[in-house]
Amino acid sequence: MSHVENELNSQPECWIRAVEQASRHTAVLPAAGERVAIVGCGTSWFMAQAAAALREQAGQGETDAFAASEFPHGRTYDRVLALTRSGTTTEVLGLLGRLKGRTRTVAITGDRRTPVMEAVEDVIVLDFADERSVVQTRFATTALTLLRAHFGLHTEAVVADARTALSVPLPDGLVDCAQFTFLGRGWSVGLANEAGLKMREASLAWAEAYPAMEYRHGPISITSAGTATWMLGDAPDGLAEQVRATGGLWVEGGLDPLAELVRAQRLAVAVAAARGLDPDRPRHLTRSVILTTP
């Protein structure tokens, strides 16, 4: 197995450990009523989108999500939470450096030997979920599970669904599709974005992601035989029928949306294998983006 396969298969156990640890980190994670921004790059940005929507869904306060390079410095926040697997990403460290001494900062990371340990006031290390692979899977979903538990929105059914996602075969014909669209609603929009990214990274597939209600506003025009539309969460009324009418393959998201993301990770690896690609060596990518200063 590739590193990414081994790591994505370990997610149920990682999520259980994250939930067990959540209560230990209550003091450093965003408190109810705080105005919070969650930042990251790549996969971590999409997890930030999901986490921000979950926090607001839980009624815990206004929460924004930004790519670290696009943080609006004219706004004020009670706390900024950075998601960074490597703890070395240039844009994240640069942002945290600008915020130091002005805004309380906390990072969730996978490696305690990295610069982010000194860049923030508080840090949570999920080293048991760190990864060898370039393509992120378990660290991202484990960090989100930790936050989901902190918000009071995690249930044991999520882990059970993840085990199902790892054991049930993918739908017939899905791996052979030429184009993939992932849809979400609310917090699962971020997960849909991440599913599309996994397809592009691991298998060089044509993949897109949209809020589900936006799909009718143009993107459905590319749907036809040989394309797949995958819903993460509950679909808007009538959308499945509309997609099927185009000849496209509709994939119903019957599991918890985070478990559906695990299924999408499996699909990315399967498509890579079908195309003769190594998902551990994604084209033009490195495990962390570290930019040099001229």
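Now for a quick tour of the structure. (Residues numbered from 1 in each chain as written. Predicted model: local features only at pLDDT ≥ 70, side-chain atom pairs only at ≥ 80, totals over all residues. Heavy atoms only, no water.)

Regarding a negative patch on the surface
Phase 1 of the analysis: There is a patch of like negative charges on the surface, built from Asp-234, Asp-237, Glu-241 and Glu-252.
Phase 2 of the analysis: With respect to the helices, strands and loops of the structure, Asp-234 is situated in the loop between β8 (227–232) and α9 (239–245). (Patch = residues over 30% accessible without salt bridge, like charges linked within 9 Å, V, L, I, M, F, W, Y side chains within 5 Å. Areas by Shrake-Rupley, 256 points an atom, 1.4 Å probe, with all protein chains shown as cover. Salt bridge = Lys/Arg side-chain N within 4 Å of Asp/Glu carboxyl O. Lys, Arg positive; Asp, Glu negative; His and termini not counted. Charge placed at Lys NZ, Arg CZ, Asp CG, Glu CD. Helix = DSSP H or I, 4+ residues; strand = E, 2+ residues; numbered from the N terminus.)

Side note on the side chain of Asp-64
Phase 1 of the analysis: Counting through the fold element by element, Asp-64 comes out in strand β2 (residues 63–67).
Phase 2 of the analysis: Residue Asp-64 is classed as buried on the basis of its relative accessible area of 17%.
Phase 3 of the analysis: At a separation of 3.5 Å, a polar atom in the side chain of Asp-64 contacts the side chain of Arg-75.
Phase 4 of the analysis: A polar contact is formed between the side chain of Asp-64 and the side chain of Tyr-77, at a distance of 2.6 Å.
Phase 5 of the analysis: Setting aside its immediate chain neighbours within four residues, Asp-64 contacts Arg-35, Val-36, Ala-37, Ile-38, Ala-52, Arg-75 and Tyr-77. (Buried < 20%, exposed > 50% of the residue type's maximum accessible area, 1.4 Å probe, protein only. Polar contact = N/O pair within 3.5 Å; in protein donor to acceptor, adjacent residues only side chain to side chain. Contact = heavy atoms within 4.5 Å.)

Quick notes on the nonpolar core
Phase 1 of the analysis: Judged by nonpolar contacts, the single largest core of 64 residues is most densely connected at Ile-108, Phe-180 and Phe-182.
Phase 2 of the analysis: A total of 9 residues in this core trace back to one element, the largest contributor, which is helix α10 (residues 257–274).
Phase 3 of the analysis: Counting 16 residues, the second largest nonpolar core, distinct from the first, contains Ala-82, Leu-99, Ala-119 and Val-120. (Core = buried A, V, L, I, M, F, W, Y, C linked by side-chain atoms within 4.5 Å.)

A word on the layout of surface pockets
Phase 1 of the analysis: Looking at the largest pocket, its volume works out to about 440 Å³.
Phase 2 of the analysis: Forming the boundary of the largest pocket are 26 residues, of which Cys-41, Gly-42, Thr-43, Arg-287 and Val-289 lie nearest the centre.
Phase 3 of the analysis: For the lining of the largest pocket, the secondary structure elements donating two or more residues are α3 (43–57), β3 (79–84), α4 (90–99) and α8 (188–203).
Phase 4 of the analysis: When its residues are assigned to classes, the lining of the largest pocket shows 10 nonpolar, 11 polar and 5 charged. (1 Å grid on protein atoms, 1.4 Å probe; cavity = no way out; pocket = protein on both sides within 12 Å on 5 of 7 lines; lining within 4 Å. Points joined across faces, edges and corners; volume = space filled by probe spheres on them. Nonpolar A, V, L, I, M, F, W, Y, C, P; charged D, E, K, R; others polar.)

Re unusual backbone geometry
Phase 1 of the analysis: You will see that Leu-204, though not glycine, has its phi angle at about 55°, which is positive.
Phase 2 of the analysis: Structurally, Leu-204 is set in the loop between α8 and β7 (206–211).
Phase 3 of the analysis: Take Leu-204: its relative accessible area is 38%, and that puts it in the partly exposed class.
Phase 4 of the analysis: Phi at His-284 takes a positive value of approximately 70°, unusual for a residue other than glycine.
Phase 5 of the analysis: Take His-284: it is sitting in the segment after α10.

Re α10
Phase 1 of the analysis: For α10, which comprises 18 residues, the first-to-last C-alpha distance of 25 Å matches the rise-based estimate of 26 Å (1.5 Å per residue) to within 8%.
Phase 2 of the analysis: α10 sits mainly inside the fold: 15 of its 18 residues count as buried.
Phase 3 of the analysis: A side-chain oxygen of the first residue of α10 lies 3.0 Å from the backbone nitrogen of Leu-258; this N-cap is Asp-256.
Phase 4 of the analysis: At the C-terminal side of α10, Gly-276 shows a positive phi close to 75°. (Expected span 1.5 Å × (residues − 1).)

Let's talk about the sheet that holds β7
Phase 1 of the analysis: With parallel pairing, 4 strands are arranged side by side in an open sheet as β7-β6-β8-β9. Where the open sheet ends on each side, the last strands, each with one partner, are β7 and β9 (249–251). Sheet twist, expressed as the average angle between the axes of neighbouring strands with direction ignored, equals 20°.
Phase 2 of the analysis: Taken together, the 6 bridges between strand β6 (residues 179–184) and β7 define a ladder with parallel strand orientation. Paired with Leu-183 across the two strands is Tyr-210, which belongs to β7. (Pairing = 2+ DSSP bridges. Axes fitted to C-alpha atoms, helices over the stretch in contact; angles between N-to-C directions.)

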